[in-house]
Amino acid sequence: MKQSRLFTKTRKEIPADEVAKNAQLLIRAGYAYKEMAGVYAYLPLGLRVLEKIKTIVREEMDAIGGQELIMTALQRKEVWERTDRWSDEAVDVWFKSSLKAGGEIGFGWSHEEPIAEMMKGYITSYKDLPIAVYQFQTKLRNELRAKSGIMRGREFVMKDMYSFSVGEEDHTQFYNAVIEAYKRVFERLGIGADTFVTFASGGAFTKFSHEFQTITEAGEDVIYINREKGVAINAEVLSDEALAEIGVSRDELTEVKTAEVGNIFNFGRQKAEDVGLSYHAEDGSDVPVWMGSYGIGVTRLMGVVVEKFSDDRGIVWPTAIAPFAAHLVELSGNDRELKDFADGVYQGLRDRGIEVLYDDRDARAGEKFADSDLMGIPYRIIVGKRTKEEGKFEVVERATGEVMLLSEDELYEKFVTPALK
Ligand code: ATP
Ligand code: MG
């Protein structure tokens, strides 16, 4: 993509009403646009990052048998009344409206009930199970506080998956497979070492749920961890009884600030019982389905990554989710020949399937470098006088500042994806 054609421009000033670092950087660099508090649009650069996060999540959900679908944003009141979750006392984040034709509707803040309701039309016999479905959806929540930038939106993208199994054994097996799949997701996103499977408050059925908590000062949660033992517990559920169950003592724990990037729940048969979702067992009896629900905050993850991987000059994207693999910056000045040469390199990179942002603007080197640092693409390839004279490209790694001098062939070799070699 040519930067001269990119409609977003970088900004030097910090948006006055934005206190969170993640949103400040994403807005300044042209990844996001703030519509209002807690409501952000994702611009071409930001969308590329979101899609990459989604691809990683999708691959891991597909690998454990998830089937992708998309539920509706508008929801029926009756479905939530059945489980006593329609009232604002029961769920404090509802956005609701009414139909012109009459009747109230809710805006999807979660899809547990609607999806269980829908499954009544598809699950009849034990032979129909197991099923796991997931979606990427924009959830709407009337959050009271929205001061964490894109990490707490009133509108945000979540991946939510729901599992339906015949019995506890199948259910537990899938639940554990999700834990492993989630670990792979966070590993691939570059936050694996700082993300903990955390004991947290449970639901109607279990005492605990499992949260995935990532260490960051920008987080709103407090958890206690022990790295050696690989255990973590949310401050909300810290008690002697819980500690005994996990097998750690208080003095072995360290307090850290974290952001909840995922949360998984085991509903047992409770949810299906409430909703009336059952299957015919082999013996002819009707049995409520075992259910689990599994969330990942996709847009929150983008915010967490920015919080963790940035410096005083801007964002430092991990390679796996960077909007582009390389930022080609030409410093041709008035040298037409050099500009043509840079155009050729841009084409050469594109021909090899390399994702590249090409700063072809007529601007000073200092401005181009500052913008490039702010945007945080992992590698900057500089085409300048030296490139023409010595046939070498200066390639600078954003994270380390390390400089490599590469020939044109070496350059292509470095960036071409292994699958295309
Ligand atoms: P929190 O405790 O942060 O309010 P939650 O427990 O209400 O989150 P869940 O219903 O478990 O959230 O949603 C699944 C995931 O969606 C969370 O783990 C989190 O990563 C993400 N998420 C939840 N609320 C928001 C929000 N307002 N903005 C962005 N992401 C969110
Ligand atoms: Mg949660």
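See the structure shown above.
Residue positions are given per chain, counted from 1 along the sequence in the order it is written. Both sets of labels track the order of writing: A upward for chains, 1 upward for ligands. Restriction of local features to residues with pLDDT of at least 70 applies here, the model being predicted, together with a cutoff of 80 or more for giving and counting side-chain atom pairs; totals for whole chains, interfaces and linings are based on all residues. Note: side-chain values were computed over all heavy atoms of the structure, leaving out hydrogens and water.

Chemist: Got a minute to help me understand the coordination of the magnesium ion (ligand 2) in this structure?
Modeler: For a metal bound by four donors in tetrahedral geometry, the ideal donor-metal-donor angle is 109.5 degrees, whereas six donors in octahedral geometry ideally sit at 90 or 180 degrees. Any N, O or S atom lying within 2.8 Å of the metal counts as a donor, and for Na, K and Ca the limit rises to 3.2 Å; water is left out, so some sites can look incomplete. Around the magnesium ion (ligand 2), the donor atoms from the protein are Glu260 (OE) and Asn263 (OD1), and they sit 2.2 Å away. In this scheme, a residue with accessible area under 20% of its type's maximum is buried, one over 50% is exposed, and one in between is partly exposed, where area comes from a 1.4 Å probe on protein chains only. Given the relative accessible area of 23%, Glu260 is considered partly exposed. With relative accessibility at 14%, the residue Asn263 sits in the buried group.

Chemist: Even after reading the chapter, I still don't get the pairing of strand β9 (residues 195–201), so can you show me in this structure?
Modeler: Pairing between strands is defined by DSSP: at least two bridges between the two strands are required. Helix and strand definitions follow DSSP, with helices as H or I runs of at least four residues and strands as E runs of at least two, each counted in order from the N terminus. For β9 and strand β10 (residues 208–215), the ladder comprises seven bridges, and the chain directions are antiparallel. For Ala200, the partnering residue across the bridge sits in β10 and is Ser209.

Chemist: What exactly am I supposed to notice about the pattern of salt bridges here?
Modeler: Proximity of charged atoms lets side chains of opposite charge pair with each other. Note on definitions: salt bridges are taken to be side-chain nitrogens of Lys or Arg within 4 Å of carboxyl oxygens of Asp or Glu. Scanning all chains against the criterion turns up 42 salt bridges. Close ionic contact of Arg336 with Asp340 constitutes a salt bridge, the shortest N to O distance being 3.3 Å. You can see Arg336 and its partner Asp340 sitting in helix α9 (residues 336–351), four residues apart, about one turn around the helix. Given the relative accessible area of 43%, Asp340 is considered partly exposed. Connected through salt bridges with shared partners, the residues Asp311, Arg313, Asp373, Arg380 and Arg398 form a single ionic network.

Chemist: Got a minute to help me understand the packing of helix α2 (residues 44–63) against helix α8 (residues 298–308) in this structure?
Modeler: Packed helices, taken two at a time, are described by the angle between their axes plus the distance between the axes. Here, axes are lines fitted to C-alpha atoms. For helices the fit covers the stretch in contact, and angles between N-to-C directions go from 0 to 180 degrees. Packing of α2 against α8 leaves a shortest axis separation of 10 Å and a crossing angle of 110°. As summarised for this structure, α2 and α8 are arranged roughly perpendicular, according to the angle between their axes. Taken as a pair, α2 and α8 cross one another with a handedness that is right-handed. Between α2, through Gly46, Val49, Leu50, Ile53 and Lys54, and α8, the contact on the second element is made entirely by Val298, Thr299, Leu301 and Met302. Residue polarity follows a fixed list, in which Ala, Val, Leu, Ile, Met, Phe, Trp, Tyr, Cys and Pro are nonpolar, Asp, Glu, Lys and Arg are charged, and the others, Gly among them, are polar. Taken together, the residues of the contact of α2 with α8 sort by class into six nonpolar, two polar and one charged. An angle below 35 degrees is treated as roughly parallel, one above 145 as roughly antiparallel, one from 65 to 115 as roughly perpendicular, and anything else as oblique. Here a crossing is taken to be left-handed if its near helix is turned anticlockwise relative to the far helix by less than a right angle, and right-handed if that turn runs clockwise. Residues are treated as being in contact if the distance between any of their heavy atoms lies within 4.5 Å.

Chemist: Explain helix α12 (residues 408–415) to me, please; I cannot follow it from the model alone.
Modeler: A turn of α-helix holds 3.6 residues, and therefore any two residues three or four places apart point the same way. Listed in full, the buried residues belonging to α12 are Leu411, Tyr412 and Phe415. Buried residues of α12 fall within an arc of 95° about the axis and therefore sit on the same side. Close packing links the buried residues of α12 with β19 (326–330), α9, β21 (379–383), β22 (393–397) and β23 (403–406). Of all possible arcs, the one meant is that of the directions from the helix axis to the C-beta atoms.

Chemist: How should I be thinking about the site of ligand 1 in this particular structure?
Modeler: Here a residue counts as near a molecule or strand whenever at least one of its heavy atoms sits within 4 Å of it. Around ligand 1, the structure places 13 residues, and the nearest of them are Arg141, Glu143, Arg152, Gly153 and Glu260. Within 3.5 Å is the distance limit for a polar contact, defined as a pair of N or O atoms, with the added protein rule that one can donate a hydrogen and the other accept it, and that residues adjacent in sequence qualify only through two side-chain atoms. Contact between ligand 1 and Arg141: an oxygen atom at 2.9 Å from a side-chain N or O atom of the residue. Within the contact set of ligand 1, a nitrogen atom lies 2.8 Å away from a backbone nitrogen or oxygen of Gly153. The Shrake-Rupley method, run with a 1.4 Å probe, gives the accessible areas here. Residue values count only the displayed protein chains as cover. Against a free-state accessible area of 580 Å², the protein chains account for coverage of 83% of ligand 1. Listing elements by their share of the shell around ligand 1, those giving two or more residues are β8 (155–165) and β13 (254–268). Examining the composition of the shell around ligand 1, we find that four residues originate from one element, β13, more than from any other. Broken down by class, the residue content of the shell around ligand 1 amounts to four nonpolar, four polar and five charged.

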